[in-house]
Structure formats: structure tokens, C-alpha cells
Amino acid sequence: MNDTTLIMSFHPDLGRSHANRALLDAVKDLPGVSIVDLYGLYPTDEVDTAVEVQRLLSAKRLVLQFPVQWYSTPALLKNWQDRVLTQMYYIAYEAQGSRLEGLPIMIVATAGNTPEAYSETGVNLFSLEQLLQPLRATAHRCQWAWSEPFLVYRANKLPGSELQVIATEYRARIEQFQRT
């Protein structure tokens, strides 16, 4: 592995995004950061498994960034997991998956509602952290080193000044993550 922090963006319409685009813009000039727009690469959801396996094998750290949609990840992220992780961890574990043991992973998730909406008494019934548990289970299964997620609420409603503060916090968090 080299020293690349691979940020994989799974936003279905990054051009119209407010929060995800601002977050990526905040870190795109950081040394050692490689950003990949998966929906830009695979608009028909057909993931090139061989390319993605190699991309993952070349990373020192992994960031999966996406908007939460209907309490889950976007469809392309699930498709990527099904294709790439199945290849690496079930078909070719010794040659591929085992090489990523200990890979630091961080989830960056944006949600349109408020933090209060993501609680057992809120409209969404569960916290955002609880909704991300399948990803944590995946990281555990792959023997990746889980980092606390970076969560953004009210993503499409944030005023520019708040979004700038969050983008600055995100940049600092990625810089900290790069030291892992």
C-alpha cells in the first residue's frame, strides 16, 4: 500500500449536492488524498470489479462518503460492496482481501434531517450511527480498523456559513485520519 487516503464518493448527483460537494472541495487539495466519484465513473451502476479491487488495494486509508437515502446507503455503494468485497473476501481472500487487514476506514454520511429526527423518539426512530451498523459489521468482517464516522445533518438545508464551518471540520478530520 502507498500513502493514499482514498475517498470514494457515492453521491447519485454530486453536481446538485450542497454538503457532499462542499466536503470534497474542502479536501481535494490535501496531499495524499485521492477522490473518486463512483456515480461519475459508473452512471449505469455497472462496477468494473477488477479496477475497483486494484483501487482498493492501492489505498492506505479508505473513506466512504455518501448521502443517507431511505435509511441506507445509495444503491451503487451496495453494488460496489457486492461486487468488489465478494471478489476480495470470498473469491480471492488470500491474494486480495487479506492484504487489507487493518485498513483504516471512515464513513462520511450526510442526512437531510436534524440530529433530533435520528433518535428513538424522533421521526426516524434510530440514530444515524445505528443505521450505519451494517457498514461497521462489514468493516469488522473485512478486518478493517473502524474510525468514528463524520456525520452531517440538515445537509441540503445548511446555510453557506454553517456549511463552510462543517467543511473546515471535515478537512481537519481527514488530516487527522491521514495520521492513522
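These notes cover the structure that comes with them. (Residues numbered from 1 in each chain as written. Predicted model: local features only at pLDDT ≥ 70, side-chain atom pairs only at ≥ 80, totals over all residues. Heavy atoms only, no water.)

1. Examining the packing of aromatic side chains
- Scanning the entire structure with this criterion turns up six aromatic pairs.
- Pairing Tyr89 with Trp144 gives two aromatic rings, centres 6.2 Å apart and planes at 75°, and the pair type is edge-to-face. Of this pair, Tyr89 sits in helix H4 (residues 75-91) while Trp144 sits in the loop between helix H6 (133-141) and strand S5 (145-146), placing them 55 residues apart in sequence. By the burial criterion, Tyr89 is buried, and Trp144 matches it.
- By the ring-pair criterion, three or more aromatic residues cluster together here, those being Tyr89, Tyr93 and Trp144. (Phe/Tyr/Trp six-rings, centres within 6.5 Å; stacked < 30°, edge-to-face > 60°. Helix = DSSP H or I, 4+ residues; strand = E, 2+ residues; numbered from the N terminus. Buried < 20%, exposed > 50% of the residue type's maximum accessible area, 1.4 Å probe, protein only.)

2. Details of the side chain of Gln65
- With respect to the helices, strands and loops of the structure, Gln65 is situated in strand S3 (residues 61-67).
- Polar contacts involving the side chain of Gln65 include one to the side chain of Asn20, which spans 3.1 Å.
- Setting aside residues up to four positions removed in sequence, Gln65 forms contacts with Ile7, Met8, Ser9, Phe10, Asn20, Leu23, Leu24, Val108 and Tyr170. (Polar contact = N/O pair within 3.5 Å; in protein donor to acceptor, adjacent residues only side chain to side chain. Contact = heavy atoms within 4.5 Å.)

3. Quick notes on empty space enclosed by the protein
- What the rule picks out here adds up to one cavity of 30 Å³ or more.
- Here the largest cavity is characterised by a volume of approximately 50 Å³.
- Lining the largest cavity we find Leu64, Trp80, Gln81, Leu85, Ile105, Ile107, Leu135, Thr138, Ala139 and Trp144.
- When residues of the lining of the largest cavity are traced back to their parent elements, those giving at least two are H4, strand S4 (104-110) and H6. (1 Å grid on protein atoms, 1.4 Å probe; cavity = no way out; pocket = protein on both sides within 12 Å on 5 of 7 lines; lining within 4 Å. Points joined across faces, edges and corners; volume = space filled by probe spheres on them.)

4. A few points about the pattern of salt bridges
- All chains considered together, the criterion is met by eight salt bridges.
- With a closest N to O distance of 2.5 Å, Asp82 and Lys78 form a salt bridge. Here Asp82 and its partner Lys78 are both found in helix H4, four residues apart, which amounts to about one turn of the helix.
- When its relative accessible area of 38% is taken as the criterion, Asp82 is described as partly exposed.
- A salt bridge links Glu162 to Arg154; the shortest N-O distance between them is 3.7 Å. (Salt bridge = Lys/Arg side-chain N within 4 Å of Asp/Glu carboxyl O.)

5. Re the layout of surface pockets
- There is about 310 Å³ of room inside the largest pocket.
- Along the walls of the largest pocket sit 16 residues, with His11, Ser17, Pro67, Gln69 and Asn156 positioned nearest its centre.
- Grouping the constituent residues of the lining of the largest pocket by class yields six nonpolar, eight polar and two charged. (Nonpolar A, V, L, I, M, F, W, Y, C, P; charged D, E, K, R; others polar.)

6. Thoughts on the pairing of strand S1 (residues 5-9)
- The element S1 is largely enclosed, with a buried count of five among its five residues.
- Side-chain alternation along S1 places Thr5, Ile7 and Ser9 on one buried face and Leu6 and Met8 on a second face that is also buried.
- By the bridge criterion, five bridges tie S1 to strand S2 (residues 33-37) in an arrangement that is parallel. Bridging from a neighbouring strand, Ile7 pairs with Ile35 of S2.
- Read as a crossover between parallel neighbours, the route from S1 over helix H1 (residues 19-27) to S2 is right-handed.
- Here S1 runs beside S3; their pairing, made up of five bridges, is parallel. Its bridge partner lying in S3, Ser9 is registered against Gln65. (Pairing = 2+ DSSP bridges. Right-handed = clockwise from strand over helix to strand, strands pointing away.)

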